[in-house]
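Take a look at the letters that make up each chain.
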Amino acid sequence: MQRVLNSYRELAEILRDAGKILFVHGKSAENFTRLHECLNSVSVEHFTDYTPNPKLEDAISASEFFRSKGCAFILTVGGGTAIDVAKYVKLNNPDSLLAVIPTTAGSGSEATRFAVLYRDGVKLSITDDIMIPDYVLFDPELLKYLPEYHRKSSALDAMCHALESFWSVNATQQSREFSRTALTDITRMLTNYPESYDPDKMLRASYTAGKAINIAQTTAGHAMCYKITSLFGTAHGHSAALCIRVLFRRLTENSRLDVLNDIASAMGCSSPVSAAEKFEEIFSRLGLNVPEASEQEIDILASSVNTERLKNFPVVMDNDTIRKLYREILTVKE
């Protein structure tokens with residue numbers, strides 16, 4: 001059972017009896033004073049050799065490093081990348097324990113059994129309950145090191161998780177309660193961004209949305225967004241939101257799903273159509289761009305879609321539909 005920690009003092013008590021610790025982190029961790037105070041009296045091995053879109057070989061190296069140094073506990077601080085590398089170490093060392101301190105409020109990775117790695121540029125989705133972290137600590141102060149663009153895109157990623165898990169064909173009563181709670185809180189915070197943005201609330205909303213996708217999984221938005229990131233360099237949450245703003249509108253036009261009324265209610269809207277419009281308004285308010293794509297890039301995108309994730313979407317889509325959607329998601333070059 002995962003435990004959410006209330007303070008660095010609690011973390012320090014756990015680490016004191018943890019044995020040698022593998023600490024997976026990026027350069028920004030050098031600034032995290034309270035975390036380093038927890039590590040002063042324990043044995044720590046640092047692993048920082050991974051890329052922003054983590055390669056499978058990076059994660060394998062981390063796992064081998066863990067064993068070669070005689071580590072027993074994994075600690076990671078960072079965004080989805082660092083957490084996914086640490087999860088892979090946990091997967092290959094199932095007797096170990098994993099503590100996570102997220103530095104972005106969006107991926108929800110601290111709540112899920114999923115990890116994303118890349119092999120030869122191809123995305124690998126790994127799923128195993130053993131990878132759900134044992135401990136999570138939220139520190140809103142860490143979000144101040146997050147660039148503004150990534151703060152916005154991370155928040156959109158969490159909102160996309162809440163929406164996709166809500167309408168997923170795998171949704172359960174429990175997952176929809178998580179979705180509803182996260183979506184209500186995130187919508188309130190982004191409607192008047194940045195005035196209404198609360199780092200602590202966003203961290204917890206992202207976590208709750210992560211608990212929702214841990215049950216229901218993501219759908220077409222995530223199936224269609226990964227190649228957008230690799231082609232145009234947009235952050236993951238930015239790419240997901242580009243897709244959701246079109247998919248949400250299409251659902252309201254072509255579906256009579258009762259769940260869309262629940263989604264509208266959670267967003268404080270009178271109808272599914274107004275909820276889809278509200279999502280568009282939030283995207284516009286955040287000022288994120290819509291990339292231009294050539295016809296060749298549209299072809300590449302259409303052929304890249306993860307068909308397994310499409311199965312979770314409540315409306316069946318063929319290749320022609322996907323191609324048309326990409327032409328709405330992006331600006332097509334003349």
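As the structure is a computational prediction, the values presented were derived from the model and not from experiment. (Residues numbered from 1 in each chain as written. Predicted model: local features only at pLDDT ≥ 70, side-chain atom pairs only at ≥ 80, totals over all residues. Heavy atoms only, no water.)

Thoughts on the nonpolar core
Line of reasoning, step 1. In this structure, Leu 163, Trp 167, Met 224, Phe 248 and Ile 329 are the most contacted members of the largest nonpolar core, which totals 72 residues.
Line of reasoning, step 2. Ignoring any residue separated from it by four or fewer positions in sequence, one finds Trp 167 in contact with Thr 219, Ile 244, Phe 248, Leu 251, Val 259, Leu 260, Ile 263, Asn 312, Phe 313 and Pro 314.
Line of reasoning, step 3. Counting 24 residues, the second-largest nonpolar core is a separate cluster that includes Ala 29, Val 44, Ala 99 and Ile 101. (Core = buried A, V, L, I, M, F, W, Y, C linked by side-chain atoms within 4.5 Å. Buried < 20%, exposed > 50% of the residue type's maximum accessible area, 1.4 Å probe, protein only. Contact = heavy atoms within 4.5 Å.)

Notes on the sheet that holds strand E4 (residues 73–78)
Line of reasoning, step 1. Strand order in the open sheet formed by six strands is E1-E8-E5-E4-E2-E3, and the pairing between neighbours is parallel. The two strands at the open ends of the sheet, each matched to only one other strand, are strand E1 (3–5) and strand E3 (44–47). Neighbour-to-neighbour, the strand axes of the sheet open up by a mean angle of 20°, direction not taken into account.
Line of reasoning, step 2. Pairing analysis gives four bridges linking strand E2 (residues 21–25) to E3, with the strands arranged parallel. (Pairing = 2+ DSSP bridges. Helix = DSSP H or I, 4+ residues; strand = E, 2+ residues; numbered from the N terminus. Axes fitted to C-alpha atoms, helices over the stretch in contact; angles between N-to-C directions.)

A word on the packing of helix H5 (residues 148–167) against helix H6 (residues 173–191)
Line of reasoning, step 1. At a closest axis distance of 9 Å, the pairing of H5 and H6 adopts a crossing angle of 145°. Note that H5 runs across H6; the crossing there is left-handed. On H6, the residues that touch Ala 155, Leu 156, Ala 158, Met 159, Ala 162, Leu 163, Ser 165 and Phe 166 of H5 are Arg 176, Ser 179, Arg 180, Ala 182, Leu 183, Ile 186, Thr 187 and Leu 190.
Line of reasoning, step 2. The residue inventory of the contact of H5 with H6, partitioned by class, reads 11 nonpolar, three polar and two charged. (Left-handed = near helix turned anticlockwise from the far one by under 90°. Nonpolar A, V, L, I, M, F, W, Y, C, P; charged D, E, K, R; others polar.)

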